[in-house]
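# Chains, contacts and geometry: an overview
Spelled out, the chains give:
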Amino acid sequence: MIFLTGAAGFIGANFVHHWLGQKDEPVLVLDALTYAGNLESLAPVASDPRYHFAQLDICDRPAVTALLTTHRPRALLHFAAESHVDRSIHGPGDFIRTNVQGTFELLEAIRAYWAGLPAPEKAAFRFLHVSTDEVYGSLSPTDPAFTETTPYAPNSPYSASKAASDHLVRAWHHTYGLPVLTTNCSNNYGPYQFPEKLIPLMIHNALAGKPLPVYGDGQNVRDWLYVQDHCRAIARVLEAGRLGETYNVGGCNEVKNLDVVHTLCDLLDQLRPKMDGSSYRAQITFVADRPGHDRRYAIDARKIERELGWTPQETFATGLRKTVQWYLDNPDWVEHVTSGAYRQWVGKQYGAAA
Ligand code: NAD
Ligand code: TYD
């Protein structure tokens, strides 16, 4: 069994679908179900005997320890985090609590569990920490892409809290010998992403006839990766990554925000044309810039390609089309997330979890 924290969120839920689609090995999902955790994203596997769920906060070390003792996983994949930069600017406290304190509590629970395993299981155990390229800070237009040796220079409360968690994970390896792996990935997009991140927000607002708010001049660059490609990378690092190493994961898809929004509008014009024949581009509105807005992220993913043979399968064009189609096909998921109705669904489905 593998143990996943935060897998009721965007990437973790996609990972569960990826894993159960490929392997027989069961998964145990631990998630506190914050605003970003949504059991509807896991509904397709809810009755799968290989799927187990526990509503729990990673800061609750005794409860995490009890789960470990009961289920005896062979690996932990740590997805749980507060993940939205804008929320971290508005209220950084939750980011310090979950991303820093929570990662510490988890490392300590895992260290005690791992220390008590019989030698063969101890040698095979893995703690895989899922992190971000934002720990490296911001690039100018001419800087080379981030490599695994780029110095850390986080700029937002979110990226600073993730950088702190990366350092804790590294230290637990060097000090205690904990068998850790870290991935630092670029911006993901795809199904089940909460509609306050750029791509799902723009799709949602476009369809709702609302403004499409582009921060600043819209020239900030992100390196977009389709979420299933990220999930394949994580599975590959878990399988064959070298202990204590970090792996950068990215799509080689640097796109300016305004170009992302234009492409989304053009896709929607094709797939869901407006009744009055006008383009969704007319809804684009330039708004005030994000404080401390990182200008450019770009990932050099040659290490994971060279060592583990991973490359992305989706281009931005194919991945974005799939993503727009998924949001068009799943209006209920979006409606429930935005209205809070999914909490009621959770209540019905899982009793106390509402
Ligand atoms: P998300 O916000 O969609 O999901 C986070 C999940 O963690 C939610 O289900 C939430 O309920 C859970 N959670 C939050 N606090 C918790 C706590 N204290 N205890 C237990 N569960 C808790 O995030 P995501 O986009 O799926 O990101 C997953 C991981 O990947 C994060 O660690 C993030 O830093 C990292 N990452 C994300 C991206 C991206 O583009 N989304 C890119 C690179 C790395
Ligand atoms: P976001 O999805 O929040 O990811 P991150 O900040 O982690 O990169 O934002 C992606 C980019 O889009 C970022 O440069 C900020 C910008 N953005 C907008 O212009 N408008 C929006 O409404 C949002 C949410 C983001």
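Our subject is the structure listed above.
Residues numbered from 1 in each chain as written. Chains lettered and ligands numbered in written order. Predicted model: local features only at pLDDT ≥ 70, side-chain atom pairs only at ≥ 80, totals over all residues. Heavy atoms only, no water.

### Some points on the nonpolar core
Counting 41 residues, the largest nonpolar core has Leu4, Phe15, Val16, Leu42, Tyr51, Leu77 and Ile304 as its most contacted members. Setting aside residues up to four positions removed in sequence, Leu4 forms contacts with Phe15, Val16, Val27, Leu28, Val29, Leu30, Leu77 and Phe79. Counting residues in hydrophobic clusters, the runner-up holds 30 residues, among them Tyr189, Tyr226, Leu320 and Leu328. (Core = buried A, V, L, I, M, F, W, Y, C linked by side-chain atoms within 4.5 Å. Buried < 20%, exposed > 50% of the residue type's maximum accessible area, 1.4 Å probe, protein only. Contact = heavy atoms within 4.5 Å.)

### A short note on the site of ligand 2
Close contacts around ligand 2 come from 18 residues, with Glu134, Pro213, Arg222, Arg290 and His293 the closest. In this structure, an oxygen atom belonging to ligand 2 sits 3.4 Å away from a side-chain N or O atom of His84. A distance of 2.8 Å is found between a nitrogen atom of ligand 2 and a backbone nitrogen or oxygen belonging to Pro213. Relative to its unbound accessible surface of 510 Å², ligand 2 loses 97% to contact with the protein. Listed by contribution, the elements that provide at least two residues to the shell around ligand 2 are α7 (198–207) and β8 (212–215). Along the lines of polarity and charge, the residues of the shell around ligand 2 split into 8 nonpolar, 5 polar and 5 charged. (Near = heavy atom within 4 Å. Polar contact = N/O pair within 3.5 Å; in protein donor to acceptor, adjacent residues only side chain to side chain. Areas by Shrake-Rupley, 256 points an atom, 1.4 Å probe, with all protein chains shown as cover. Helix = DSSP H or I, 4+ residues; strand = E, 2+ residues; numbered from the N terminus. Nonpolar A, V, L, I, M, F, W, Y, C, P; charged D, E, K, R; others polar.)

### Details of the site of ligand 1
Around ligand 1, 28 residues are found, and the nearest of them are Ile11, Asp31, Ser83, Tyr158 and Lys162. At 3.0 Å from an oxygen atom of ligand 1 is found a main-chain nitrogen or oxygen belonging to Phe10. In the model, an oxygen atom of ligand 1 is placed 3.4 Å from a nitrogen or oxygen of the Val130 main chain. Surface burial for ligand 1 is 96%, taken as the share of its 840 Å² of free accessible area covered by protein chains. Among the elements that make up the shell around ligand 1, the one with the highest residue count is strand β5 (residues 126–132) (3 residues).

### Describing the sheet that holds strand β2 (residues 27–31)
Read from one edge to the other, the open sheet built from 7 strands follows the order β3-β2-β1-β4-β5-β6-β11, with strand pairing classed as parallel. Only two strands of the sheet have a single partner each, and these edge strands are β3 (51–55) and β11 (246–249). Within this sheet the neighbouring strands show an average axis-to-axis angle of 20°, counted without direction. Note that β5 and strand β6 (residues 180–185) share 6 bridges and pair parallel. Paired with Ser131 across the two strands is Asn184, which belongs to β6. Sheet strands touched by helix α6 (residues 157–176): β5 and β6. Its angle to β5, the strand with the most contacts, is close to 155°. (Pairing = 2+ DSSP bridges. Axes fitted to C-alpha atoms, helices over the stretch in contact; angles between N-to-C directions.)

### Considering the packing of helix α4 (residues 93–115) against α6
Where α4 meets α6, the closest approach of the two axes is 8 Å, and the angle between their N-to-C directions is 20°. Classified by the angle between their axes, α4 and α6 sit roughly parallel to one another. Of the two possible hands of crossing, α4 and α6 adopt the one that is right-handed. When α4 is examined against α6, the residues Phe95, Ile96, Asn99, Val100, Thr103, Phe104, Leu107, Glu108, Arg111 and Trp114 are found in contact with a partner set consisting of Tyr158, Ser161, Lys162, Ala164, Ser165, Leu168, Val169, Trp172 and Tyr176. Classifying every residue of the contact of α4 with α6 gives 12 nonpolar, 4 polar and 3 charged. (Parallel < 35°, antiparallel > 145°, perpendicular 65-115°, else oblique. Left-handed = near helix turned anticlockwise from the far one by under 90°.)

### Quick word on the side chain of Glu314
Here Glu314 shows up in the loop between α10 (302–308) and α11 (316–329). A residue is classified by how much of its surface remains accessible, and Glu314, at 17% relative accessible area, is buried.

### Description of the packing of helix α2 (residues 61–71) against α4
Packed helix pairs are characterised by how far apart their axes lie and by the angle those axes make with each other. The interhelical angle for the contact between α2 and α4, taken along N-to-C directions, is 35°, at an axis separation of 9 Å. Handedness of the α2/α4 crossing: right-handed. Counted together, Arg61, Val64, Thr65 and Leu68 of α2 and Phe104, Glu105, Leu106, Glu108, Ala109, Ile110 and Tyr113 of α4 form the full contact between these two elements. When grouped by side-chain class, the residues that make up the contact of α2 with α4 number 7 nonpolar, 1 polar and 3 charged.

Any link to function would need more than the numbers given here.
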